[in-house]
Amino acid sequence: ARAFLYAGARAVLASHWPVRDDATARLTSGTFTALSADPSLTRAQALRQSMLALIAADDDPSLAHPEAWAPFEVIGEGGR
């Protein structure tokens, strides 16, 4: 994450341990969908909404387990 921030990125979405590809794809796309739908959200709030959507996913109850969503965080400017 540090290299991206030094290169000029304002924020980085990173995970602290390996995560399932399907969970990562859903969490990432959910975060950007939330940001697009409500521009007043901060990056951290959009990530939180996406995490809550994973926890509530009826099609795959295993996504409710923290190993699917807990390793992610916004590093850098978590606000707008």
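The present account deals with the structure reproduced in this document. What you see is a predicted model; the values in this text were computed from it and never measured.

Some words on the pattern of salt bridges
By the definition in use, this model includes three salt bridges. Across the pair aspartate 22 and arginine 20 runs a salt bridge, and its minimum N-O distance is 2.8 Å. Classification of aspartate 22 by relative accessible area gives partly exposed; the value is 35%. On the basis of relative accessible area, arginine 20 is assigned to the partly exposed category, the value being 30%. A salt bridge links aspartate 59 to arginine 26; its shortest N-O distance comes to 3.0 Å. With a gap of 33 residues between them, aspartate 59 in the loop between helix 3 (43–55) and helix 4 (66–69) and arginine 26 in helix 2 (residues 21–37) connect regions that are remote in the sequence. Residue classification places aspartate 59 among the exposed positions, given a relative accessible area of 59%.

Let's talk about the environment of glycine 79
Take glycine 79: it is sitting in the segment after strand 2 (72–76). Sequence separation between glycine 79 and arginine 10 is 69 residues; the distance between their C-alpha atoms is 9.9 Å. Residue contacts for glycine 79: discarding those within four places in its chain leaves Thr42 and Arg43.

Some details on the side chain of threonine 31
Within the secondary structure, threonine 31 sits in helix 2. We classify threonine 31 as buried; its relative accessible area is 6%. With residues up to four places along the chain from it excluded, the contact list for threonine 31 reads Arg43, Ala46, Leu47 and Ser50.

Reading the values: the criteria
For every chain, the first residue of the written sequence is number 1, and numbering continues from 1 onward in sequence order. The predicted origin of the model limits local features to residues at a pLDDT of at least 70 and limits the giving and counting of side-chain atom pairs to 80 or more, whereas totals for whole chains, interfaces and linings rest on all residues. Water and hydrogen atoms were dropped before computing side-chain values, which therefore reflect all heavy atoms in the structure. One side-chain nitrogen of Lys or Arg within 4 Å of one carboxyl oxygen of Asp or Glu is enough to make a salt bridge. Summary of the burial criterion: residues with accessible area below 20% of their type's maximum are buried, those above 50% are exposed, and those between are partly exposed, where the area comes from a 1.4 Å probe applied to protein chains only. Put simply, DSSP H or I for four residues or longer makes a helix, DSSP E for two residues or longer makes a strand, and each gets a number counted from the N terminus. Residue contacts follow a heavy-atom distance rule, with two residues in contact if any of their heavy atoms lie within 4.5 Å.

Interpretation in functional terms is not warranted from these geometric data alone.
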